[in-house]
Amino acid sequence: MHEVTRILSAIEQGDPQASEQLLPLVYDELRRLAAEKMAQERPGQTLQATALVHEAYIRLVDVERAQHWDSRGHFFAAAAEAMRRILVKSARQKKSQKRGGHCCRADIDLEEIAADEKRDKLLALDEALCRFTTIAPLKAVLVKLRYYGGMTGREAAQALGISEATADRHWAYARAWLQREMTRVSP
């Protein structure tokens, strides 16, 4: 049994020290995944990769809500999902009226225009991915692992317990379906 899987099992059993043992083992990999996602965001983001990792980690090892982790791959799949939710929530908050999402700026900044497009694409992808989850749940998890989790095709296949060839076919189908769905819905 992998060390991370053993510690996840201990967390599930309610061991209070287990979550302290887990963080050093998974932090570097979670930080790498978060950095890859944050690199796609506009410069000067208020949400930093470290904060994204910490918030996702807190959600994952919440002692008050016992969670069952089947394996290391299951944990990292959940981490990718947590990061996706945090990024989408952040994008929605920035677009909200409360945060000035309805206001137009007078000065034109090309980086800002690009950032708005990225935020809109992230929200469009999330909406399409929610619809895709109802149609093809396994393929949707693969997308979350690859896009939000930053995993390679091989890593995602291992996490899902499927062959690389199957993962490649699922990935090609999912990308085509999501692209079509996003362009169909876009104005």
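Residues numbered from 1 in each chain as written. Predicted model: local features only at pLDDT ≥ 70, side-chain atom pairs only at ≥ 80, totals over all residues. Heavy atoms only, no water.

Caption draft 1: A look at the confidence of the model for the protein. Taken as a whole, the protein shows an average pLDDT of 76; of its residues, 77% reach a score of 70 or greater. Predicted confidence for residues 104-114 stays below pLDDT 50, and this span has 4 contacts to residues more than four positions away or in other chains. (pLDDT = per-residue confidence, 0-100. Contact = heavy atoms within 4.5 Å.)

Caption draft 2: Examining the nonpolar core more closely. Residues L22 and L30 are the most contacted members of the largest nonpolar core, which totals 53 residues. For this core, the secondary-structure elements that each account for two or more residues are α1 (3-12), α2 (18-39), α3 (49-60), α4 (72-95), α5 (110-135), α6 (137-148), α7 (153-160) and α8 (164-185). The dominant element in this core, judged by the number of residues it contributes, is α4, at 12 residues. (Core = buried A, V, L, I, M, F, W, Y, C linked by side-chain atoms within 4.5 Å. Buried < 20%, exposed > 50% of the residue type's maximum accessible area, 1.4 Å probe, protein only. Helix = DSSP H or I, 4+ residues; strand = E, 2+ residues; numbered from the N terminus.)

Caption draft 3: How the structure looks around the packing of aromatic side chains. The final tally for this structure, using the stated rule, is 3 aromatic pairs. Geometrically, the ring pair formed by Y147 and Y148 is edge-to-face, given 4.9 Å between the ring centres and 85 degrees between the ring planes. Among the aromatic residues, those joined into a cluster by ring pairs are F132, Y173 and W177. If you follow R84 out to its NZ or CZ, it ends over the ring of Y148, 6.0 Å from the centre. One residue, K139, lies across the ring of Y173, its end atom 4.8 Å from the ring centre. (Phe/Tyr/Trp six-rings, centres within 6.5 Å; stacked < 30°, edge-to-face > 60°. Lys NZ or Arg CZ within 6 Å of the ring centre and 35° of its normal.)

Caption draft 4: Structural view of the packing of α4 against α6. The interhelical angle for the contact between α4 and α6, taken along N-to-C directions, is 75 degrees, at an axis separation of 9 Å. For the element pair α4 / α6, the angle class is roughly perpendicular. Counting all contacts with α4, which are made through F76, A77, A80, E81, M83 and R84, the residues of α6 involved are K144, L145 and Y148. Its residues assigned to classes, the contact of α4 with α6 comprises 6 nonpolar, no polar and 3 charged. (Axes fitted to C-alpha atoms, helices over the stretch in contact; angles between N-to-C directions. Parallel < 35°, antiparallel > 145°, perpendicular 65-115°, else oblique. Nonpolar A, V, L, I, M, F, W, Y, C, P; charged D, E, K, R; others polar.)

Caption draft 5: Summary view of the packing of α6 against α7. For the pair α6 and α7, interaxial distance at closest approach is 10 Å and the crossing angle is 135 degrees. Taken together, the axes of α6 and α7 are oblique relative to one another. As for the relative orientation of α6 and α7, their crossing is right-handed in sense. Contacts between α6 and α7 involve L138, V141, L142, L145 and R146 on the former and, on the latter, G153, A156, A159 and L160. For the contact of α6 with α7, the residue count by class is 7 nonpolar, 1 polar and 1 charged. (Left-handed = near helix turned anticlockwise from the far one by under 90°.)

Caption draft 6: Spotlight on the environment of R6. Mapped onto the secondary structure, R6 falls in helix α1. Accessibility expressed as a relative area gives 38% for R6, which makes it partly exposed. In this structure the C-alpha to C-alpha distance between R6 and R72, which are 66 residues apart in sequence, comes to 9.1 Å.

Caption draft 7: Local environment of the side chain of E181. Structurally, the position occupied by E181 is in helix α8. The buried category is assigned to E181, whose relative accessible area is 4%. One polar contact links E181 to R131, side chain to side chain, over a distance of 2.9 Å. If near-sequence neighbours (up to four positions away) are discounted, E181 is found in contact with A128 and R131. (Polar contact = N/O pair within 3.5 Å; in protein donor to acceptor, adjacent residues only side chain to side chain.)

Caption draft 8: Focus on the pattern of salt bridges. On inspection of all chains with the given rule, the structure shows 8 salt bridges. The closest approach of N and O atoms between E81 and K144, which form a salt bridge, is 3.1 Å. Of this pair, E81 sits in helix α4 while K144 sits in helix α6; the two residues are 63 residues apart in sequence, bridging distant segments of the chain. Neither E81 nor K144 differs from the other in exposure class; each is buried. The salt bridge partner of E181 is R180, with a shortest N-O separation of 3.8 Å. Taken together, the shared-partner salt bridges connect E81, R84, R85, R92, D126 and K144 into one network. (Salt bridge = Lys/Arg side-chain N within 4 Å of Asp/Glu carboxyl O.)

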